[in-house]
Amino acid sequence: MEDINWTSLGWPPVPGTGIAVGPFTLAARHDGRLEVFALGGPHMGANGFLLWRRWEQTPGGAWHDWASVGTLFQIHAGAIPAVATRSDGRLEAFLVDIHNALWHSWEQIPGGAWHDWAQVSTSTSPQPELATSPAVIVHDDGRLEVFALSLDATLWHIGEQTPGGAWHDWASLGTLPQLGSRRHGPPKTNPSVIVHNDGRLEVFFVDGNLWHIGEQTPGGAWHDWASLGTPPQSEFYAEVTVSPSVIVHRDGRLEVFLIGLAITPNTDTIESALWHIGEQTPGGAWHDWTSLGIPPKTEETPSPAVGVHSDGHLEVFLVGHDTVGWWDALWHIWELTPGGAWHDWAYLGIPPGLPPNMFVLWHDVPVKVNVARDGSRQVFVIDDASSIRFASLSPTSPG
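Cut-offs used in this document
Residues numbered from 1 in each chain as written. Predicted model: local features only at pLDDT ≥ 70, side-chain atom pairs only at ≥ 80, totals over all residues. Heavy atoms only, no water. Helix = DSSP H or I, 4+ residues; strand = E, 2+ residues; numbered from the N terminus. Salt bridge = Lys/Arg side-chain N within 4 Å of Asp/Glu carboxyl O. Buried < 20%, exposed > 50% of the residue type's maximum accessible area, 1.4 Å probe, protein only.

(A) View of the environment of isoleucine 75. With respect to the helices and strands, isoleucine 75 occurs in the loop between β5 (67-69) and β6 (82-85). Taking the C-alpha atoms as reference points, isoleucine 75 and phenylalanine 49, 26 residues apart in sequence, are found 5.9 Å from one another.

(B) Geometry of the pattern of salt bridges. Taken as a whole, this structure holds 12 salt bridges when the rule is applied. Residue arginine 33 pairs with aspartate 31 through a salt bridge whose shortest N-O separation is 2.8 Å. Owing to a relative accessible area of 18%, arginine 33 belongs among the buried residues under this scheme. Taking relative accessible area as the criterion, aspartate 31 reaches 37% and is therefore assigned partly exposed. Where salt bridges share partners, they join Arg29, Glu35, Arg53 and Glu107 into one cluster.

(C) Local environment of unusual backbone geometry. The backbone phi angle of asparagine 100 is positive, close to 70°, even though this residue is not glycine. Positionally, asparagine 100 belongs in the loop between β7 (91-96) and β8 (102-106). We classify asparagine 100 as buried; its relative accessible area is 17%. Unlike most non-glycine residues, glutamine 233 shows phi in positive territory, near 55°. Relative to the assigned elements, glutamine 233 resides in the loop between β17 (226-227) and β18 (235-236). Residue classification places glutamine 233 among the exposed residues on the basis of a relative accessible area of 80%.

And the structure:
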């Protein structure tokens, strides 16, 4: 097992509970410093939370204390912030409030004070009633674009006209095919958005199948929705914390990772596996779904975290059961060479110093990973003491 240095970042205050209230978001600055965003108190009645942040003072160095971002209170406890790093180094955060509206706050200068929260809207287009957490991307020219699904499962997006300038009107990319016949209530999972090497955007979403929709040319018309199906005899974990894990290879091919669940008839036994599907050529046909298995004794677990190393090989992290099947622990699997065979699952353990006989890591909150320029990896999880912890792994060669 690799040598791991575990560090606790705690959690923002939540009056009356002292516990974590939902998932967290990881952002990276251009100089390599990391920043974590999470919801916390003080609260003002139901659904009243602030967005808090904690950040590295130097790359790989000590962390600053938690600090709040403004006073946007009307937020669902399970809301997931989306954070973008602008081309000029400023961070910008987006959240959907309890009234289904999109809000944002941003640094006035890189590392400086934050602007007050403002609603993302225009005078000429109505605000759609958003049901999912947002996903945000940065265009090559520095403009931001935000995507989210509405209560009727329509995908909406809104983008800046110029970097940091006025916003275009909200635009619809349509509703997923056959959605109405299957859906009971609003969407349960969140979209993932990537930028192709040539600047085209592509959105992925799980609802029964894995669906995707992409631009035909950068900034141009969009293709129709298309389904990539599901792994053989499997379905996807449909929870709010789940979104497809999508990476772009150095040659421009896309690859998607998801946990598939297979339920054995008559016994209701659940068997999980990590599945992936990738393009054969950039923008071309897709390979079939392929299974990478799962750590021993692991059942349901949400989206995996996928890191891309400087040489192009991939590494995947998730929370599964420990070696005796009692606690939740951190595991990883990686390519031996870029695009080549995969190593077996390897056990990375649990944070030290926690009480025994507890489920040490939250298996229902996605793991986050950062692969640093020097090849080291920082893997972020939540433990049962309601603390964000990260495991620092030294640079390593594949295999």
